[in-house]
Structure formats: C-alpha cells, structure tokens
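# Residue-level structure breakdown
Residue-level listing of the chains:
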Amino acid sequence: QVQLVESGGGLVQPGGSLRLYCAASGFTFSTYVMMWYRQAPGKERELVAGIRSTGGSTRYADSVKGRFTISRDNAKNTVYLQMNLLKPEDTAVYYCNAVGREAGDYYWGQGTQVTVSS
C-alpha cells in the first residue's frame with residue numbers, strides 16, 4: 001500500500017519558518033522524483049519545488065527561490081521542504097508528489113495546511 005504522509009504544517013507569523021516532512025512507504029522511494037506542490041483557496045495547484053531521485057538536482061518556483069529548500073533522505077524515505085522568510089501569500093495546502101519513470105506512475109499525499117498570518 002502506497003502512502004505519502006505530510007506533516008509539519010501549521011500557523012506561523014510572516015518572516016517565520018516551517019519545515020515540512022513527507023514520509024513515503026509502499027514503493028521504491030529512491031527511484032522517484034519528489035515534488036512539493038501547493039494550492040491556495042480559489043487557485044490552481046502549483047509546483048513549489050522538485051528534487052531528483054538521487055538528490056543531485058533541484059528546481060524551485062520563482063516565488064520561493066532563495067527562501068525554500070527541498071531535500072531528501074533516501075535512507076529514511078523522506079522528503080523535506082524547509083521554508084524560511086514565509087509570507088502571507090505562502091498560505092496554502094502543501095502536497096507531496098512522487099513521480100516514477102513510467103507514464104501514470106505517480107502518487108499524492110493528503111496535504112498539510114500552512115498558514116502565514118500575524
């Protein structure tokens with residue numbers, strides 16, 4: 001049974017930090033590209049950050065470059081999103097996504113809420 005379980009979300013003041021976690025099970029985590037997406041109320045889901053299976057290459061949305069860092073630990077089957085200098089516009093549900101090599105081979109987590117507000 002495939003599972004992606006996000007955690008670490010919550011309420012934080014502007015300028016603060018949060019670290020999101022996504023624990024994976026039920027598939028060969030080390031062979032999957034991992035991504036973080038987010039979806040704010042009334043908006044489409046957008047890609048925030050991605051990391052290759054080996055962790056050697058990452059990519060970020062322009063809106064989070066320099067503030068967010070994606071990383072992974074293949075020994076722990078976990079991907080992380082360190083979020084610094086948070087802004088109110090970062091408020092959204094954050095989702096973990098695993099993408100395999102075959103077409104249609106992907107999984108989603110249930111999401112974790114991040115709210116940035118004073």
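The structure contained in this document is the topic of the report that follows. Keep in mind it's a predicted model, so treat the numbers as computed, not measured. Per-chain numbering applies: the sequence of each chain, read as written, is numbered from 1 onward. At least 70 in pLDDT is required for a residue's local features to be given in this predicted model, at least 80 for side-chain atom pairs to be given and counted, and no such filter applies to totals for whole chains, interfaces and linings, which use all residues. In computing side-chain properties, one takes all heavy atoms of the structure into account and sets aside hydrogens as well as water.

### Details of the packing of aromatic side chains
Two measures describe an aromatic ring pair: the distance that separates the ring centres and the angle between the ring planes. Side-chain rings of Phe, Tyr and Trp (the six-membered ring for Trp) are treated as a pair once their centres are within 6.5 Å; stacked means planes under 30 degrees apart, edge-to-face means over 60, and tilted covers the remaining angles. Inspection of every chain in the model, using the stated rule, returns seven aromatic pairs. Both rings, one in F27 and one in Y107, keep their centres 5.1 Å apart while their planes meet at 40°; by these two values the pair is tilted. You can see F27 sitting in the loop between strand 3 (18–25) and strand 4 (33–39) and its partner Y107 sitting in strand 10 (residues 106–108), a full 80 residues away along the chain. With relative accessibility at 12%, the residue F27 sits in the buried group. Taken together, the ring pairs connect F27, F29, Y32 and Y107 into an aromatic cluster. Each helix is a run of H or I in the DSSP string that is no shorter than four residues. Each strand is a run of E no shorter than two, and both are numbered from the N terminus. Here's how the labels work: a residue is buried when its accessible area is under 20% of the maximum for its type, exposed when over 50%, partly exposed in between, all with a 1.4 Å probe on protein chains only.

### Some words on the sheet that holds strand 1 (residues 3–7)
Here a strand pair is declared whenever DSSP counts at least two bridges between the two strands. If you walk across this open sheet you meet the four strands as 1-3-8-7, and the pairing is antiparallel. If you trace the sheet from one side to the other, it starts and ends with strand 1 and strand 7 (68–73), each paired once. With direction set aside, neighbouring strand axes in the sheet form an average angle of 15°. Sheet analysis places strand 1 next to strand 3, joined by five bridges and oriented antiparallel. Looking at strand 3, one finds that E6 is bridged to C22. Axis angles are defined between N-to-C directions and span 0 to 180 degrees, where every axis is a line fitted to C-alpha atoms and, for a helix, only to the segment in contact.

### A short note on the state of the cysteines
Two cysteine sulfurs form a disulfide in these notes if their separation is within 2.5 Å. Overall, the coordinates contain one disulfide when judged by the stated rule. The residue that forms a disulfide with C22 is C96, at a sulfur-sulfur distance of 2.1 Å. Of note, the bridge from C22 to C96 carries an S-S torsion of about -80° and is left-handed in sense. With C22 in strand 3 and C96 in strand 9 (residues 92–99), this pair connects stretches of sequence that are 74 residues apart. C22 gets classed as buried once you look at its relative accessible area, which sits at 0%.

### Regarding the nonpolar core
Ranked by size, the top nonpolar core spans 29 residues in total, and within it M34, W36, V79, L81, M83 and Y94 carry the most contacts. Secondary structure elements with two or more residues in this core: strand 3, strand 4, strand 5 (46–51), strand 7, strand 8 (78–83), strand 9 and strand 11 (112–116). We call two residues contacting when some pair of their heavy atoms lies within 4.5 Å. With near-sequence residues (within four places) excluded, M34 lies in contact with L4, C22, F29, A49, G50, I51, I70, R72, V79, C96, N97 and A98. Nine residue types can take part in a nonpolar core, namely buried Ala, Val, Leu, Ile, Met, Phe, Trp, Tyr and Cys, and a core is a set of them joined through side-chain atoms within 4.5 Å.

### Points about unusual backbone geometry
One non-glycine residue, N77, adopts positive backbone phi at about 55°. Checked against the element boundaries, N77 lands in the loop between strand 7 and strand 8. Using a relative accessible area of 26% as the deciding quantity, one classes N77 as partly exposed. Even without being glycine, L85 reaches a positive phi, approximately 50°. For L85, a relative accessible area of 51% gives the class exposed.

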